[in-house]
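The lines below spell out each chain.
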Amino acid sequence: MALIHRTTLKPTKLELLAGWLPTRPWYHGPAAPELVKAGGFRLDDPAGEVGIEFMIVTAAADSAAGSLGPVAYLVPLTYRGAPLDGAEHALVGTAEHGVLGTRWVYDGCHDPVLTAGLLALIEGRTRAQAQSITDTPDREVARSYAGGEPVPGLGAPADTGESTEFAVPGSDLVLRLRRVLIPGPTPPEGTVGHVTGAWDQPDGTRPRAVFATLQAR
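Sequence order sets the numbering: in each chain, residues are counted from 1 along the sequence as written. Side-chain atom pairs in this predicted model are given and counted only at pLDDT of 80 or more, local residue features only at pLDDT of at least 70, and totals for whole chains, interfaces and linings cover all residues. Only hydrogens and water are removed before side-chain values are computed, so all heavy atoms of the structure are retained for them.

Note on terminology: a nonpolar core comprises buried Ala, Val, Leu, Ile, Met, Phe, Trp, Tyr and Cys residues joined through side-chain atoms within 4.5 Å. Type-normalised accessible area, obtained with a 1.4 Å probe on protein chains alone, sets the label of each residue: buried when under 20%, exposed when over 50%, and partly exposed for intermediate values. Membership of the largest hydrophobic core comes to 31 residues, with the highest contact counts inside it found for Phe41, Phe54, Ile56, Leu181, Trp199 and Phe211. Of all the secondary structure elements, the ones that give two or more residues to this core are strand E2 (36-43), strand E3 (51-59), strand E4 (71-80), helix H2 (112-123), strand E10 (173-178) and strand E13 (208-216). At 5 residues, H2 tops the list of elements feeding residues into this core. Throughout, a contact is declared for two residues whenever any of their heavy atoms are within 4.5 Å. Excluding residues within four positions of it along the chain, Trp199 makes contact with Ala38, Ile56, Thr58, Ala72, Leu181, Pro183, Thr205, Arg206, Pro207, Arg208, Ala209 and Phe211. Membership of the second largest hydrophobic core comes to 21 residues, among which are Leu17, Ala59, Val71 and Leu77. Going along the chain from the N terminus, every DSSP run of H or I of four or more residues is numbered as a helix, and every run of E of two or more is numbered as a strand.

As a further point, take the packing of aromatic side chains. Geometry of aromatic contacts follows a simple scheme: Phe, Tyr and Trp rings, the Trp one being its six-membered ring, pair when their centres are within 6.5 Å, and the pair is stacked under 30 degrees between planes, edge-to-face over 60, tilted otherwise. Evaluated as defined, the whole model comprises 5 aromatic pairs. An angle of 45° between the planes, with centres 6.2 Å apart, marks the rings of Trp26 and Tyr73 as tilted. Of this pair, Trp26 sits in the loop between helix H1 (13-20) and E2 while Tyr73 sits in strand E4, and the two are 47 residues apart along the sequence. Of the two residues, Trp26 and Tyr73, neither departs from the other in class, the shared state being buried. Relative to Tyr73, the ring of Tyr27 has its centre 5.2 Å away and its plane inclined at 35°; by these criteria the two rings are tilted. Here Tyr73 lies in strand E4 and Tyr27 lies in the loop between H1 and E2, a separation of 46 residues in the sequence.

So, about the sheet that holds strand E7 (residues 142-145). Any two strands are treated as partners once DSSP identifies two or more bridges connecting them. In space, the 6 strands of this open sheet follow the order E7-E12-E13-E10-E9-E8, with antiparallel pairing throughout. With partners counted over all chains shown, the strands left at the sheet margins are E7 and strand E8 (158-159), one partner each. For E10 and E13, the ladder comprises 5 bridges, and the chain directions are antiparallel. Residue pairing for E13: Leu173 is matched across the bridge by Ala216. Helix axes use the C-alpha atoms of the stretch in contact, all axes being lines fitted to C-alpha atoms, and the angles between their N-to-C directions lie in the range 0 to 180 degrees. Against the sheet, H2 contacts E7, strand E9 (163-167), E10 and strand E12 (191-198), and its axis sits at roughly 80° relative to E7.

Below, the structure is given as structure tokens:
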């Protein structure tokens with residue numbers, strides 16, 4: 001069970017992401033974004049060592065893109081008490097936690113604890129937890145899995161202009177994590193498993209979207 005501490009984090013998550021997001025190929029906003037936390041959920045690490053959060057932030061669109069409103073980004077993060085071996089390229093930054101001390105913050109797509117948790121969520125072996133409340137399920141997060149067997153694992157993540165994708169070794173399946181969220185909760189045809197959820201828009205609406213899909217390539 002993830003324990004949510006009511007304390008400080010310096011720099012904040014949004015401050016870390018403001019410097020990191022513009023380096024991502026799926027980010028389509030200004031070079032110095034003003035980010036707003038818009039929602040998300042957590043997963044429990046069975047070992048109780050790694051914090052796992054799927055954060056949603058909104059930012060103004062790049063004026064050249066012609067968008068009239070903010071863009072919502074899904075940013076999976078992990079929080080560790082020591083560096084993750086071989087993941088220097090995935091480090092978002094470090095921060096000082098008021099209770100836990102120094103935390104290494106990673107792009108969770110490169111952290112095996114998060115990717116294993118995401119598969120467990122899709123397959124129904126674990127439940128999404130509320131982002132800011134200890135031991136409370138997030139009932140807005142829905143999942144489905146129609147596969148006959150558990151997914152054996154995931155290949156290395158690859159970023160595209162809209163998502164991060166993982167091939168499933170030994171199959172024609174790919175797990176696609178949406179980085180740019182588009183309202184509409186219906187997964188594409190041929191989807192074997194998926195996760196959907198909601199977030200807050202600046203205009204007060206709360207749209208739903210597909211967060212992740214497991215489908216044929």
